[in-house]
Amino acid sequence: MIIAVDGPAASGKGTIARALARRFKLPHLDTGLLYRAVALNLLRWDGDPESEFAAIRACDFSQIDFADRELKSEAVGGVASRISAYPGVRSALLERQRSFASQPGGAVLDGRDIGTVIAPEAEAKLFVTALPEVRAHRRHQELQGLGRHSHYEDVLIDIRARDERDSSRATAPLAKADDAYLLDTSALSIEAAIAEAVAAVERRLATSA
């Protein structure tokens, strides 16, 4: 069983995807971390984010620790959003994601194009979203929890810029799959959002059984 969880930045899709993975005893992949890893490589190598060639060269995870807190920084996130628009970068990471999705027993993947590009055959698809202001508040709190200085207004500007880049890029734009369940978490607690996600997946599985 493949569960695809898509949505914009700070919508809660990662938290929901991890909860679904625990509930259905499936491995989980945060595909956004792959793009963040490329962005971190690029920054550490003094590469140019405006160069697709440099970004493709940075698609090397041999020296990346996926527990590195720097992966969650706003600087890395901003570059990740920019380089994710490059067809060459998406192509370089495509098979890694599809291989994870197609492993025996299935998997849960969250990202921007799981239900539309990576695993359009997924048995259950969710599109998790929230108002930009709510997402900016969540990200601001997350950064403060990591000990990183940030201003809410700056985070909101960044969230809106990422939304525009992610939804308008020519290759694999952020989009809700036609058969995905729309889950707006703006007014939901974490527990309520997870409960609704689990119920949506269970309904989907029941109808396809």
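What counts as what
- Residues numbered from 1 in each chain as written.
- Predicted model: local features only at pLDDT ≥ 70, side-chain atom pairs only at ≥ 80, totals over all residues.
- Heavy atoms only, no water.
- Core = buried A, V, L, I, M, F, W, Y, C linked by side-chain atoms within 4.5 Å.
- Buried < 20%, exposed > 50% of the residue type's maximum accessible area, 1.4 Å probe, protein only.
- Helix = DSSP H or I, 4+ residues; strand = E, 2+ residues; numbered from the N terminus.
- Contact = heavy atoms within 4.5 Å.
- Expected span 1.5 Å × (residues − 1).
- Salt bridge = Lys/Arg side-chain N within 4 Å of Asp/Glu carboxyl O.
- Polar contact = N/O pair within 3.5 Å; in protein donor to acceptor, adjacent residues only side chain to side chain.
- Axes fitted to C-alpha atoms, helices over the stretch in contact; angles between N-to-C directions.
- Parallel < 35°, antiparallel > 145°, perpendicular 65-115°, else oblique.
- Left-handed = near helix turned anticlockwise from the far one by under 90°.

K.L.:
Can you break down the nonpolar core residue by residue, with the values?
P.N.:
Residues Phe61, Ile83, Val89, Leu93 and Leu109 are the most contacted members of the largest nonpolar core, which totals 32 residues. For this core, the elements supplying multiple residues, two or more each, are β1 (2-6), α2 (31-44), α3 (52-57), α4 (74-83), α5 (87-101), β3 (107-111) and α6 (114-118). No other element matches the eight residues that α2 contributes to this core. The contacts of Ile83, once residues within four sequence positions are left out, are Tyr35, Val38, Leu42, Pro49, Ala55 and Val89. Counting 18 residues, the second largest nonpolar core, distinct from the first, contains Ile3, Leu20, Ala21 and Phe24.

K.L.:
Pulling in residues and values, what's your account of helix α8 (residues 152-168)?
P.N.:
Since one α-helical turn is 3.6 residues long, residues separated by three or four positions face the same way. Here α8 spans 24 Å end to end across 17 residues, near enough to the 24 Å set by a 1.5 Å rise per residue. Residues of α8 that are buried in the fold lie against α2, α4 and α7 (132-145).

K.L.:
Go over the pattern of salt bridges with me, naming the residues and quoting the values.
P.N.:
Scanning the model with the defined rule gives 15 salt bridges in all. Its salt-bridge partner being Arg139, residue Glu142 comes within 2.9 Å of it at the nearest N-O pair. You can see Glu142 and its partner Arg139 sitting in helix α7, three residues apart, about one turn around the helix. Residues participating in the shared-partner salt-bridge network are Glu74, Arg139, Glu142, Asp158 and Arg162.

K.L.:
Report on the side chain of Lys125, specifying residues and quantitative values.
P.N.:
Residue placement: Lys125 occurs in strand β4 (residues 124-129). Exposure remark for Lys125: the relative accessible area of 8% places this residue in the buried category. Within the local environment of Lys125, its side chain forms a polar contact with the backbone oxygen of Gly115, the two atoms lying 3.1 Å apart. The residues touching Lys125, leaving out its near neighbours within four places in the chain, are Ala4, Gly115, Ala119, Pro120, Ala177, Asp179, Ala180 and Tyr181.

K.L.:
Run through the packing of α7 against α8, naming residues and quoting values.
P.N.:
Between α7 and α8, the shortest axis-to-axis distance is 8 Å and the interhelical angle comes to 120 degrees. Here α8 runs oblique to α7, going by the angle between their axes. Read as a crossing pair, α7 and α8 show a hand that is right-handed. Facing Pro132, Glu133, Arg135, Ala136, His137, Arg139, His140 and Leu143 of α7, the residues of α8 in contact are Tyr152, Val155, Leu156, Ile159, Arg160, Arg162 and Asp163.

Geometry only, nothing functional implied.
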